[in-house]
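Breakdown of the fold
Residues per chain are reported as follows:
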Amino acid sequence: MKMPAVSRQTLQTLLVTVWAILVGGVRVFAWDSLREGFIDVRPLPRVARALTVIGLALVFAFVLSIFFNSALRTSGELEPLPLSSSGTGGIFVPSTVVPLAYLATILAWTFLLTGALHVMGWVRWAVFICFMLFGVPGMIAGMVQASTAGSPDMFDLITSVVALVLIGLVASLIVFPRLRLPLALEFSVMLVLVGTLFIVGLYASAASSRQGGSIDFVTGYLVPDAVTNPRQMTIPLLFLAGAEIINFGVSLTRWGTRSTERYARAWIVTALLLALLVYRWFSFIYYDVLPDVSFDQIQQWAGALLAGCVLIPIAIWRNRKPFPDRVPLKLVLGLIIAMVLPQLILFVVIILTSAFFSSQAAMENPNALTELTQVSNQLVFLSETIRDSLYLQLALAGGVTAFIAWRMKRYTVAAYGLILGWTQFVWWFMEPGRPLQEWRYQYQDMEPWLLLALTAMTIFWLARGELSPARGLALAGLAFFAWVLNFTDFLDNPLALFFGFAGIFFTAFGILWGVLTAGGKFANYTSLRFPRLNRIILYLGYTLLTLNITHWFTVTHNVEEQVFNSDITMNGLRIFGYTAAFLIFVEGGRALLKKEE
Amino acid sequence: VNSQATETKTPPFDNSLAAVILIATALAGVSAGVFLLWQQVAPKPPLAAEHYFPAVHGAAFSYRLTNADNSITYRSRNLYRDSASALASKLDTNSFGGMMNATGVDVTTTEPGVALEILSRYDILQLNDVESDARGNAVRNSALLALLINNQIAQFAVDQISITPPIPLIPSASQTVTGTLNSQIPYTMSQEILEQGRYTTALGEFGDCILVGSALTINEQVTTSRTRYCAGVGEVADETTDANGTRHSEIVAASVGDFVRGSSPVVPKTDENASLQRIFPEELQGNVVRVLDYKEPPESRGITTNVLPLDGTLLYGTASGALVAFDRAGERELWRFQTGDSIFSTPVVSNGIAYFASADKKFYAVRVSDGAFVWAFPMQDVATASPAARGDTVYVASEDRHVYALDADTGLLRWQFQSGSPFVAAPVLDGEQLIVSNDDGGVFALNAATGAVNWDFAAEKAITGAVQVQAGVVYVGSFDQHVYALNAESGEMLWSQTVLDNVAEPVLVRGERVYVGLYEEVVALDTRSGASIWRYDNANSVYGAPILLGDQVWILGSGNLIALDASTGKVVQDVPTSDSGVFTGISSDGNEIYAGFFDGQLLSFAGGAE
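Here the residue index of a chain counts from 1 through its sequence in written order. Whichever chain is written first becomes A and whichever ligand is written first becomes 1, with later ones labelled in order. Side-chain atom pairs in this predicted model are given and counted only at pLDDT of 80 or more, local residue features only at pLDDT of at least 70, and totals for whole chains, interfaces and linings cover all residues. Side-chain measures were taken over the full set of non-hydrogen atoms in the model, leaving aside hydrogen atoms and water.

Every helix listed is a DSSP run of H or I at least four residues long, and every strand listed is a run of E at least two residues long, numbered separately from the N terminus. Assigned secondary structure in chain B consists of 4 helices and 47 strands. Within chain B, the fraction of its 610 residues that count as buried is 56%. By the convention used here, residues are in contact when the closest approach between their heavy atoms is within 4.5 Å. Sequence-distant contacts in chain B: of pairs separated by 6 or more residues, those separated by 24 or more amount to 47%. Carbon together with sulfur atoms contributes 49% to the accessible area of chain B, which is approximately 24,000 Å² in total. All tallies of charge rest on Lys and Arg as positive and Asp and Glu as negative; His and the ends of each chain are not included. Where a charge lies is defined by one atom per residue type, namely NZ (Lys), CZ (Arg), CG (Asp) and CD (Glu). In chain B, which carries 35 positive and 69 negative side-chain charges, the distance between the mean positions of the two groups comes to 3 Å. Exposed residues in this analysis have more than 50% of their type's maximum accessible area, buried residues have under 20%, and partly exposed residues fall in between, with area computed by a 1.4 Å probe over protein chains only. For the accessible areas, the method is Shrake-Rupley and the probe is 1.4 Å, while residue cover comes only from the protein chains on display.

What follows is the structure, encoded as structure tokens:
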């Protein structure tokens, strides 16, 4: 390819083109793709539109409130949360958040339960079981337990019966899916049932605690319990939120490449590719190499190389196979659920075991507490063992996925499985306390290797005069994508001085991006067993539940829980997000060039 | 089959406005239910009588008194507010009788449960006054009890003397009340509002004030007073005349709700200084045993700070918001200063003044000899970290993302530094630097005199434990499961070491060892390289930062106090503590180890038993 001489006119052309690419990228492609990805409410009946708008408004309100969480804390009184506090520090919630979070919890469960009506059986029952385990407030369980043991007073008995009747009514709606009412009625009935259940539970527990003189029981114990109890259940969405960051990066790059393809001439594409490569090398050398290269850093680069070296043979293999394929969302969801499920089951077993032995203790079994401790220790040991081998399990799952997909000639999926298997296998050795713990790498350690590969390919094709516009665009897209993947730091803290969300912004952004693009993925489609309306309502309920908890931990400044939440999101990014990103490199950036699906 | 679809078979009702109204009604009903329920525990709106006398829990005032003999004294006033049912059991016989008369409850005919139910509808206000001379010597302490009842604040007891019927603090109109003191001595009280308007004090001009004139006659002795109350503040000036002459008082400092202004002179300054120390040269001799087992009253709702030892006095904060001074030898409470909310910030003492923060979003200075209020500084959020103090400056790191440097005598702001994240870890002074760390993993070395940033460092995740500095090296642990060693002059990282869990507590550094307390283990690292020296793995949890006494590393486990050999990590002592739930970590004065618990238990352990 012949490059024109650099003149004033050339520079002018270059600048105009870059401007056109930027404006075009935003105006045409970003706007179009966002519009296509958004949940389309137009074909929905009026009630469904209203519910979707309510759900979306709450989601956006929570995200906004997470961003500006300080305003809630500085503008009003704070209530102490004794159960969350420790010697390390007190945890406080803004007073105004307490009733709002409780109401949001009721609404989220109402959305979930209404969304689950009339869909396939396993979804209905999964939602109902989750509601019973994580939703029905602990105080209801306590009340029922109290009223069935010993001689309860009339108040306990009445509230327990009311609670059981309400739960029974919710269950009957789940059991009889053919009992179909207008959506407005179903939602209203469910809202009243769930709301009454929560209000009765809170009222009864508050009344009994007031008799004991504990006035802060509602704020300090009951509301936080009801709001944060489903946090185990929200882990899959937090993982997905991490993976969504990659989708954001893909979309961003795709807008850029498509805009470049439309507005830029061939030589400008090459110029942009070279400029990008030079800039990234300059940044790497100037910021990472010149100041100081520690031995730790060398080990981390080695770790990244070890994890990334598998991409070359997979890329060679993959490029010999046909391309029209993609990794289905169902597979990622399945892997996430398979990863989370054993811990969730153990968590439930621990809850049930504690309840069983507590009732034994209430019946004055002297050995109940000792037996509970023994059983709990064994369950915790089992949980830790499963957790310790998590990355090996994921590696195995990746390998199995690759094998099955290869047999089914789903080569993209097979490549995804291979990358997942290898990266998680080596990651297991990099966990703290394992032989390669010092080799534990981050994406920033991987980027120089990706850059090296892209530079080598650019030079190779340039030297042979084979750098076609399509290749140039793909390489430029990949170089840009490799750069964009660094932006998690930016996402963490774009305007730290004013907001300062720590890792929570990362989670909130991932969830928000998921909501903004849900239409294009599943919410604008329908099937007989999982109608579109149910998808939307169910998804909004789940998102609302997750955001409500994330918001609670943010406004309470609960560092430990925030770190736990953002760790899950970061793991989602690392395990599923980066695997998807590496797949894009392996497939030569094809996903960055085509129109969004 | 997935396909882009338009919905079919929509029931007509779902397209009607009635359906939307139905949903809106259900939503409004449930919302109303939640908010009505919340109203029962939500902060109560103030009574009309609180306009000129805000009955704010934890409010504090300081008045300058000019006595009849022209001597100057200072009165510190501290307000405690709680439900009458919670305080009933704490009152002396006379005060209890006064309260029962005021509420109309006849204890001889009313069942205890019903009586408590009636009392729980009312709040009691306790005004504790501490008066001292210009040298800080105690002159007089007094306590006034009032009930918030019938939209009035009615005084029913003073210094264990009951007043029947109770006298309103602020009269709604001119009135005369007659009754008895301790049901025996007759009294007459005449009150009227003399004027209303602006009033200027040392704290500035107030626009909405009233002047209340009153005359109290007891045994033909008349005491008259003219008291000025201002909206949002309360009493700002008073002139009382009795047989001894006339006494004037004027407000010099106040902390009531959002109004925080002024300071009381710190006279005299003492050389009492204390901050939480974690390293002591001598180990406890012999087998360590429990030597103190004290329980805070239930209304304290637990001890929430480390226990700070100070020359035989133990200082600690409670969940109810009180800073308590406890006489270790006499095993009794010396004084209690009430703030508006829980105290999680372990106090430091500098020149005889205790500095600490409360969850009422204020930072306080209180005299350690008698708990007298000196000044308060308003923040935008809570501070749960212990402050740092040196010379005439005190430093506090707040969850409002600011570090404040305040004048130790007046509480006036000298400089402030803002970061992007809340500060939970305590600030640490090292030479001319103040080193602070935040929730986002940032470590900032600030010029202690100006607040300018000398250097900064970013860990991957939150830092909640204060940094430790030794021989020009800053050691800090983070939630990113690393311990870092940084050059104290430049912030350059010297080494980092991975550990198996989040580091939430401050590390402990002495000689060539860094001791790190994790969730279930303690590890010792080499200060030069970060290399792991030993690791103690506890089957159960260990909490709080370790402390070092001689060659023993002490750490609190769940239900036991454990001593490890500092060189090997082997357990050398295992002392049972308590089944209490959460504790606030351990502290020591070199002779005893102190531990406070969230259930109010205060334990102390000492060596000696062979």
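Okay, back to it.
Here the aromatic set is Phe, Tyr and Trp, taking the six-membered ring for Trp, and pairing holds for ring centres within 6.5 Å; pairs whose planes are under 30 degrees apart are stacked, those over 60 apart are edge-to-face, and all others are tilted. Under the counting rule described, the total for this entry stands at 45 aromatic pairs over all chains. When the centroid spacing of 4.5 Å and the interplanar angle of 50° are considered together, the rings of Tyr294 of chain B and Phe326 of chain B count as tilted. Taken together, the residues span a long stretch of sequence, with Tyr294 of chain B in strand S16 (residues 287–295) and Phe326 of chain B in strand S19 (residues 322–327) at a distance of 32 residues. The class for Tyr294 of chain B is buried, based on a relative accessible area of 18%. Taking relative accessible area as the criterion, Phe326 of chain B reaches 0% and is therefore assigned buried. Centroid distance Phe457 of chain B to Tyr484 of chain B: 5.1 Å. Interplanar angle 65°. Geometry classified as edge-to-face. With Phe457 of chain B in strand S32 (residues 453–458) and Tyr484 of chain B in strand S35 (residues 482–487), the pair connects residues that are 27 residues apart, well separated along the chain. Among the aromatic side chains, those forming a connected cluster through ring pairs are Phe248, Trp255, Phe509 and Trp513 of chain A. Positioned over the ring face of Phe530 of chain A is Arg535 of chain A, at 5.3 Å from the centre of the ring. By definition, being over a ring means that NZ of Lys or CZ of Arg is both within 6 Å of the ring centre and within 35 degrees of the ring normal. One Lys or Arg, Arg574 of chain A, reaches over the ring of Trp427 of chain A and ends 3.8 Å from the middle of that ring.

Residue and element names in this part refer to chain B. In this chain, Thr164 is followed by Pro165 through a cis amide linkage whose omega measures -5°. Residue placement: Pro165 occurs in strand S7 (residues 161–168). Of note in the backbone geometry, Asp159 takes a positive phi value of approximately 45° without being a glycine. Here Asp159 lies in the loop between strand S6 (152–158) and S7. Positioned with a positive phi, Arg401 is a non-glycine residue whose angle comes to about 75°. If you trace the backbone, Arg401 turns up in the loop between strand S26 (393–397) and strand S27 (402–407). Under the relative-accessibility criterion, Arg401 is labelled buried at 4%.

The next thing to look at is the packing of helix H4 (residues 97–116) of chain A against helix H5 (residues 121–135) of chain A. Residues and elements named next belong to chain A. For the pair H4 and H5, interaxial distance at closest approach is 8 Å and the crossing angle is 155°. As judged from the angle between their axes, H4 and H5 are roughly antiparallel. Pair H4 / H5 crosses with left-handed handedness. Of the residues in H5, those touching H4 at Trp109, Leu112, Leu113 and Ala116 are Val123, Arg124, Val127, Phe128, Cys130, Phe131, Phe134 and Gly135. Each residue receives one of three labels: charged for Asp, Glu, Lys and Arg, nonpolar for Ala, Val, Leu, Ile, Met, Phe, Trp, Tyr, Cys and Pro, and polar for the others, Gly being one of them. Looking at the contact of H4 with H5 residue by residue, the classes come out as 10 nonpolar, 1 polar and 1 charged. Whenever a helix is involved, its axis is fitted only over the stretch in contact; in every case the axis is a line through C-alpha atoms, and angles between N-to-C directions fall within 0 to 180 degrees. Just so you know how the angles are binned, under 35 degrees is roughly parallel, over 145 roughly antiparallel, 65 to 115 roughly perpendicular, and the rest oblique. Less than a right angle of anticlockwise turn of the near helix away from the far helix marks a crossing as left-handed, whereas a clockwise turn marks it as right-handed.

With that settled, consider the nonpolar core. Take the buried residues of types Ala, Val, Leu, Ile, Met, Phe, Trp, Tyr and Cys, join any two whose side-chain atoms come within 4.5 Å, and each joined set is a nonpolar core. By size, the foremost hydrophobic cluster in this structure holds 163 residues, and its most contacted members are Trp109, Phe131, Phe239, Phe481, Trp552 and Phe576 of chain A. Setting aside its immediate chain neighbours within four residues, Phe481 of chain A contacts Ile246, Gly249, Val250, Thr253, Ala581, Ile584, Phe585 and Leu592 of chain A. Formed by 31 residues, the second largest nonpolar core is a distinct cluster that contains Ile170, Cys209, Val256 and Phe259 of chain B.

Residues and elements named next belong to chain A. In this analysis, the expected span of each helix is defined as 1.5 Å times one less than the number of residues it contains. The first and last C-alpha atoms of helix H12 (residues 295–308) sit 20 Å apart over 14 residues, in line with the 20 Å expected at 1.5 Å per residue. All of the buried residues in H12 are Gln299, Trp301, Gly303, Ala304, Ala307 and Gly308. For H12, the secondary structure elements touched by its buried residues are helix H11 (266–289), helix H13 (311–318), helix H17 (411–429) and helix H18 (443–463).

The next point concerns the state of the cysteines. All names here are of chain B. Any two cysteine sulfur atoms within 2.5 Å of one another count as a disulfide. Applying the stated criterion across every chain yields a total of 1 disulfide over all chains. The disulfide that involves Cys209 links it to Cys230, with 2.0 Å between the sulfurs. Measuring the twist about the S-S bond at about 100°, one finds the Cys209-Cys230 disulfide to be right-handed. Here Cys230 lies in strand S11 (residues 221–230) and Cys209 lies in strand S10 (residues 204–218), a separation of 21 residues in the sequence. Owing to a relative accessible area of 2%, Cys209 belongs among the buried residues under this scheme.

In this complex, chain A contributes 73 residues to the contact, which on the side of chain B involves 67 residues. Between chain A and chain B, roughly 5,800 Å² of surface is buried when both sides are summed, and carbon and sulfur atoms account for 62% of that area. When a carboxyl oxygen of Asp or Glu is within 4 Å of a side-chain nitrogen of Lys or Arg, the pair counts as a salt bridge. Taken together, the connections running from chain A to chain B amount to 3 salt bridges. For the salt bridge of Asp381 of chain B with Arg73 of chain A, the shortest nitrogen-to-oxygen distance reads 2.6 Å. For the purposes of these results, a polar contact is taken to be a pair of N or O atoms within 3.5 Å, where, inside protein, one atom must be able to donate a hydrogen and its partner to accept one; residues adjacent in sequence count only when each atom of the pair is a side-chain atom. Inspection of the region where chain A meets chain B yields 11 residue pairs in polar contact (both at pLDDT 80 or more). Counting residues per element, the side of chain A that touches chain B draws most heavily on helix H8 (residues 183–211) of chain A, at 12 residues. Here the residues of the side of chain A that touches chain B sort into 37 nonpolar, 24 polar and 12 charged. Defined in terms of a 1.4 Å probe, buried area is the accessible area two parts forfeit on being brought together, summed over both.

Attention shifts here to the pairing of strand S5 (residues 138–149) of chain B. Residues and elements named next belong to chain B. Two strands make a pair as long as DSSP finds a minimum of two bridges between them. Taken together, the 10 bridges between strand S4 (residues 123–133) and S5 define a ladder with antiparallel strand orientation. Bridged to Ile124 within S5 is Leu147. The turn joining S4 and S5, which pair antiparallel and follow one another in sequence, is formed by 4 residues; a positive phi near 90° is taken by Gly136. Sheet topology note: the S5/S6 ladder contains 6 bridges and is antiparallel. Counted as the bridge partner of Leu148 is Ile153 from S6.

This part is about a nonpolar patch on the surface. All names here are of chain A. Taken together, the side chains of Leu329, Leu333, Ile337, Leu341, Ile345 and Val349 present a nonpolar region at the surface, about 430 Å² in accessible area. Considering the arrangement of structural elements, one finds Val349 in helix H14 (residues 329–362). Judged by relative accessible area, which is 33%, Val349 ranks as partly exposed. Patch membership requires over 30% relative accessible area and the absence of a salt bridge. Like charges are linked within 9 Å, and nonpolar side chains (Val, Leu, Ile, Met, Phe, Trp, Tyr) within 5 Å.

Moving on to the sheet that holds strand S31 (residues 442–447) of chain B. Residues and elements named next belong to chain B. Read across the open sheet, the 4 strands follow the order S29-S30-S31-S32; overall the sheet is antiparallel. Of all the strands in the sheet, the pair left with one neighbour each is strand S29 (428–430) and S32. In this sheet, neighbouring strand axes are inclined to one another by 20° on average, regardless of whether the strands run parallel or antiparallel. Bridge analysis of S29 against strand S30 (residues 433–437) gives 3 bridges, and the strand direction is antiparallel. Counted as the bridge partner of Asp430 is Gln433 from S30.

Moving on, we get to the sheet that holds S27 of chain B. Residues and elements named next belong to chain B. On the basis of which strands lie adjacent, the open sheet formed by 4 strands has the order S25-S26-S27-S28 and antiparallel pairing. If you trace the sheet from one side to the other, it starts and ends with strand S25 (388–390) and strand S28 (413–418), each paired once. The sheet shows a mean angle of 15° between the axes of neighbouring strands, direction not considered. Alignment of S27 against S28, held across 5 bridges, turns out to be antiparallel. When the sheet's bridge partners are listed, Val403 is paired in S28 with Phe417.

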